[in-house]
Amino acid sequence: MKQDLVERIAEIEDRQAIEMVIYRYCRAMDRGDADLMRTIFWEDGGFGPGKPAATAKDFVDPLVAAMTTKYEATHHSVSNILVELNGSVAFAESYATVYHRTFPNRQSNESVLGPDWLNSGTINPYASQDLIAGVRYCDRFQKRGPEWRIAIRNLIFDWTRVEPSNNLGFGALNDKTLLGRRGERDYSNQDAY
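Now for a description of the structure that goes with this document. (Residues numbered from 1 in each chain as written. Predicted model: local features only at pLDDT ≥ 70, side-chain atom pairs only at ≥ 80, totals over all residues. Heavy atoms only, no water.)

### Remarks on the environment of Phe41
In plain terms, the rule: Strands here mean DSSP runs of E at least two residues long; helices mean DSSP runs of H or I at least four residues long; both are numbered from the N terminus. Only protein chains enter the accessibility calculation, which uses a 1.4 Å probe; a residue whose area is less than 20% of its type maximum is buried, one above 50% is exposed, and one in between is partly exposed. It only takes one pair of heavy atoms within 4.5 Å for two residues to be counted as in contact.
Counting through the fold element by element, Phe41 comes out in strand β1 (residues 41–47). Assessed through its relative accessible area of 1%, Phe41 is described here as buried. Apart from the residues within four sequence positions on either side, Phe41 is in contact with Tyr25, Gly46, Phe47, Ala56, Phe59, Arg149, Ile150 and Arg153.

### With respect to the pattern of salt bridges
Keep this limit in mind: What makes a salt bridge here is a side-chain nitrogen of Lys or Arg within 4 Å of a carboxyl oxygen of Asp or Glu, nothing more.
Tallying each qualifying case throughout the model produces 13 salt bridges. Asp4 is paired through a salt bridge with Arg8; the nearest N and O atoms lie 3.2 Å apart. Highlighted residues: Asp4 and Arg8, both in helix α1 (residues 2–31), separated by 4 residues, approximately one helical turn. We classify Asp4 as partly exposed; its relative accessible area is 36%. Among the residues examined, Arg8 registers a relative accessible area of 48% and is labelled partly exposed. One salt-bridge network, held together by shared partners, links Asp35, Arg38 and Asp61.

### Quick look at the sheet that holds strand β3 (residues 89–102)
Condition: DSSP calls a pair of strands paired once it identifies at least 2 bridges connecting them. In this analysis an axis means a line fitted to C-alpha atoms, helices contributing only their contacting stretch, and an angle means the value between N-to-C directions, from 0 to 180 degrees.
On the basis of which strands lie adjacent, the open sheet formed by 5 strands has the order β1-β5-β4-β3-β2 and mixed pairing. If you trace the sheet from one side to the other, it starts and ends with β1 and β2 (71–86), each paired once. For this sheet the average axis-to-axis angle between neighbouring strands, irrespective of direction, equals 20°. Note: β2 against β3, 14 bridges, orientation antiparallel.

### Let's talk about the nonpolar core
To be explicit about the condition: As used in this record, nonpolar core signifies buried Ala, Val, Leu, Ile, Met, Phe, Trp, Tyr and Cys residues forming a set joined through side-chain atoms within 4.5 Å.
If you look at the biggest cluster of nonpolar residues, it comprises 36 residues, and the most contacted ones within it are Ile18, Met37, Phe41 and Phe141. At the level of elements, α1, α2 (34–37), α3 (56–70), β2, β3, α4 (106–113), β4 (129–144) and β5 (147–164) are the ones that each hand at least two residues to this core. When residues in this core are grouped by element, the largest group, 7 residues, is from α1. Every residue in contact with Phe141, bar those within four places of it in the chain, is listed here: Ile18, Val21, Ile22, Ser88, Val89, Ala90, Ala92, Trp148, Arg149, Ile150 and Ala151.

### Digging into the environment of Asp61
Put simply, the rule is: We define a polar contact as two N or O atoms separated by no more than 3.5 Å, with the added condition that, inside protein, one atom must be a possible hydrogen donor and the other a possible acceptor, whereas residues neighbouring each other in sequence contribute only through side-chain atom pairs.
Of note, Asp61 is situated in helix α3. Sequence separation of Asp61 and Arg38 is 23 residues, and the distance between their C-alpha atoms is 9.0 Å. If near-sequence neighbours (up to four positions away) are discounted, Asp61 is found in contact with Ala34 and Arg38. A polar contact is formed between the side chain of Asp61 and the side chain of Arg38, at a distance of 2.9 Å.

### Thoughts on the layout of surface pockets
Empty space among the atoms becomes visible once a probe the size of a water molecule is rolled across them. Where we set the bar: In the cavity and pocket records, a cavity denotes points on a 1 Å grid over the protein atoms alone where a 1.4 Å probe fits but cannot get out, a pocket denotes an open set with protein on both sides within 12 Å along at least 5 of 7 lines, and lining residues are residues with an atom within 4 Å of a point. Grid points are joined across faces, edges and corners, and a volume is the space filled by probe spheres set on the points.
Counted as a void, the second largest pocket has a volume near 470 Å³. Taken together, 23 residues line the second largest pocket, and the ones lying closest to its centre are Met67, Tyr71, His100, Leu155 and Phe157.

### Points about the pairing of β5
Across 3 bridges, the pairing between β1 and β5 is parallel. In the sheet register, Phe47 faces β5, and the bridge partner there is Arg153. Bridge count for β4 against β5 is 16 bridges, and the pairing is antiparallel. Looking at the pairing, Arg140 lines up with Ile152 of β5. Taken together, β4 and the strand that follows it, β5, pair antiparallel across an intervening segment of 2 residues, in which Gly145 is found at a positive phi of about 65°.

What is shown is where atoms sit, not what they do.
Next up, the structure:
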């Protein structure tokens, strides 16, 4: 009976550790935090399918740099995390809704949407665009020592939408409203709370 309880507690701890990796990925992307991103993937891990084209030791800095230069803001929201444990390997499928806002310039919009779409006349290439997608992360995790990290992440797009940004905010926004920022300028990185 005692051994059964120990195993159940270990399983709960493993599931929670895996979920925390998924949540840290979202924070790293949204805050542009390369140091945090390095805690998500094993150094030899990366994006699939199959063997990663680039491993985390090589892609983290360029990925975070691309996210912060292409997008004015991002917001990753995760739900429905399903985890299947198998010893020191786990498989997780996480549903997410992701928001990306381009900078209000042609270079940002072209780097994200591509020149064909920009030249189609359907969007203003000099205005911010909101890209909204329903995605799933299908991850293979490995536990090495006491730590879980992603070995392979497969990113599946279920749906996408692009629309002009509304930069007007809403009535509650004023000069005292805390607005999200990248990096150390974000309020969550301050000692104030």
